[in-house]
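Observations on the three-dimensional arrangement
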Amino acid sequence: MEYSLLFCQSSCAVSFHLGKRLLVACIMLTLWVYMLYCCVGYCASVPSFAVNSVEMKPDTASVDPFISSGRAIYSSAHSRDLLNNENELDSRADEWDESKAELRAVEEGTAATGAYNWTETRKLPQAIIIGVKKGGTRALLEFLRVHPDIRAVGAEPHFFDRNYEKGLEWYRELMPKTIDGQITMEKTPSYFVTKEVPGRIYAMSKDIKLIVVVRDPVTRAISDYTQTRSKKPDIPSFESLTFKNATEGLIDATWSALQIGMYARHLKRWLQFFPLSQILFVSGERLITDPAGEMARVQDFLHLRRLVTEKHFHFNPAKGFPCLKKPASNSRPHCLGKTKGRTHPNIHPTVVRQLQDFYKPFNKKFYLMTGQDFDWD
Ligand SMILES: Nc1ncnc2c1ncn2[C@@H]1O[C@H](COP(=O)(O)OS(=O)(=O)O)[C@@H](OP(=O)(O)O)[C@H]1O
């Protein structure tokens, strides 16, 4: 009796210890499996209500950037119809149908669970690409839209130059919906050269971040001219529009294609309202030769994590430009449409040289003002 009691006590103690160990092992195994599950990315699909502040980016950041960019594309297609903007008439929509379908599936999924739709609101932009025309503004915006913390209106709203009387509510309504922590953006390249715009943007937000994509003013002028000629083939030659008096070599600085390139003059107006630290100058040239490098600067400036990297770019030799690609995927890279990267007419080398001389003092001043050498001279 005593013996069996003793035996039971000791065997019970053993099985109790074994059970405890088994329980601990089970918990550890569960935790380990859960961590593994999270590592392969499935946790992102779990509805999350934890949306962090601007510094701590929202949970959507862990979602594949291309899904998010697809979302932005969807809303941009919507506003593009609304504004019927010339710059939007490229082939982007067709090429990104695949992403849209992907997006719809994602959105339907979240709508069914009611996951984060309820927190989305339209906000006024916290960052604007203000210029310059033909600088590479569309490329920059499309690259930025790959980032999950950026939501941007696709069409150019032209609010601060052409639609200001419509009021801020009209402007806000054009913006895509965002959750806290996401940055709302737009691009309208004519803002940089329109006198009233700096004061108007300041009146909306004195803390706004401004981005200017600049490009060699001579190439920019030729690009501008090429665009105009594509719509009006009968316009005079570039050379004849350049001069007030060709024999005297007197350049017509009132021609808008040339005026836009006097960057220092335009920048002076912006600096009356905003400190230099609030303006980022992106090199249009480097955006083509080193898109990931320029994107790193832009993401740092916007206090975003560097999620758009070299993995997202594929240089297309036929087009002569970097195109966007989904990292670790065999899908076709997305290039900008036919209106970007037009063939420029051959301009007489003497005219090009005269224009380079014309811009030299403006460029020098611009380098001094920005503290950056763009290497145009
Ligand atoms: N990745 C990529 N793909 C295609 N094109 C690119 C790219 N990066 C920069 N660029 C240059 O962007 C120029 C057009 O500039 P914008 O988008 O600012 O033009 S616009 O003001 O919105 O009309 C466009 O000018 P053009 O070459 O004169 O057409 C391009 O040189």
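Conventions we followed
- Residues numbered from 1 in each chain as written.
- Predicted model: local features only at pLDDT ≥ 70, side-chain atom pairs only at ≥ 80, totals over all residues.
- Heavy atoms only, no water.
- Axes fitted to C-alpha atoms, helices over the stretch in contact; angles between N-to-C directions.
- Helix = DSSP H or I, 4+ residues; strand = E, 2+ residues; numbered from the N terminus.
- Parallel < 35°, antiparallel > 145°, perpendicular 65-115°, else oblique.
- Contact = heavy atoms within 4.5 Å.
- Core = buried A, V, L, I, M, F, W, Y, C linked by side-chain atoms within 4.5 Å.
- Buried < 20%, exposed > 50% of the residue type's maximum accessible area, 1.4 Å probe, protein only.
- Near = heavy atom within 4 Å.
- Polar contact = N/O pair within 3.5 Å; in protein donor to acceptor, adjacent residues only side chain to side chain.
- Areas by Shrake-Rupley, 256 points an atom, 1.4 Å probe, with all protein chains shown as cover.
- 1 Å grid on protein atoms, 1.4 Å probe; cavity = no way out; pocket = protein on both sides within 12 Å on 5 of 7 lines; lining within 4 Å.
- Sits in = over half its atoms within 2 Å of the grid points.
- Nonpolar A, V, L, I, M, F, W, Y, C, P; charged D, E, K, R; others polar.
- UniProt positions renumbered as here; feature names shortened; annotations may be inferred.

1. Digging into the packing of helix α5 (residues 137-144) against helix α13 (residues 291-301)
- Where α5 meets α13, the axes come as close as 11 Å, and the angle between the chain directions of the two elements is 70 degrees. Here α5 is positioned roughly perpendicular relative to α13, judged by the angle of their axes. Side by side, α5 and α13 meet where Leu140, Phe143 and Leu144 of the first sit next to Pro291, Met295 and Val298 of the second.

2. As for the nonpolar core
- One finds Ile130, Phe160, Tyr171, Tyr191, Ile201, Trp270 and Phe366 to be the most contacted residues of the largest nonpolar core, which totals 31 residues.
- Breaking this core down by element, the ones donating at least two residues are β2 (127-131), α7 (197-204), β6 (209-214), α11 (263-271), β9 (279-283) and α14 (349-370).
- Considering every element that reaches this core, the biggest residue donor is α11, with four residues.
- In contact with Tyr191, other than residues within four places in its own chain, are Ile128, Ile130, His158, Phe159, Phe160, Asp161, Tyr171, Glu186, Val197, Ile201 and Trp270.
- The next biggest cluster of nonpolar side chains, apart from the first, holds 27 residues, and it includes Ile129, Phe143, Val213 and Val308.

3. Observations concerning the site of the ligand
- Around the ligand, a shell composed of 24 residues is seen, among which Thr137, Lys187, Ser223, Gly341 and His344 lie nearest.
- In this structure, an oxygen atom belonging to the ligand sits 3.1 Å away from a side-chain N or O atom of Arg215.
- A distance of 3.0 Å separates an oxygen atom of the ligand from a polar atom in the backbone of Arg342.
- Across the complex, the protein chains shield 98% of the 650 Å² of accessible surface that the ligand would expose by itself.
- When atoms are counted within 2 Å of each cavity's grid points, the one that captures over half of the ligand is the largest pocket.
- Looking at the shell around the ligand, the elements with two or more residues in it are α5, α8 (217-231) and β11 (321-324).
- A breakdown of the residues in the shell around the ligand according to their chemical character gives eight nonpolar, eight polar and eight charged.

4. Some thoughts on the UniProt feature "active site" (unreviewed entry) in the chain
- If you check UniProt for "active site" (unreviewed entry), the listed places come out as Lys134 in our numbering.
- With near-sequence residues (within four places) excluded, Lys134 lies in contact with Arg215, Arg220, Ser223, Asp224, Gln227, Thr339, Lys340 and Arg342.

5. A look at the UniProt feature "binding site: 3'-phosphoadenylyl sulfate" (unreviewed entry) in the chain
- The UniProt feature table records "binding site: 3'-phosphoadenylyl sulfate" (unreviewed entry) at Lys134, Gly135, Gly136, Thr137, Arg138, Arg215, Ser223, Lys340, Gly341, Arg342, Thr343 and His344. In the annotated set above, the residues contributing to the lining of the largest pocket are Lys134, Gly135, Gly136, Thr137, Arg138, Arg215, Ser223, Lys340, Gly341, Arg342 and His344.
- When you line up the elements, Arg215 lands in the loop between β6 and α8.
- A relative accessible area of 18% means that Arg215 is categorised as buried.
- Residues within four places of Arg215 in sequence aside, it is in contact with Lys134, Gly135, Arg220, Ser223, Tyr263, Glu285, His344 and Trp376.
- At 3.5 Å, the side chain of Arg215 and the side chain of Ser223 are in polar contact.
- Topologically, Lys340 is positioned in the loop between β11 and α14.

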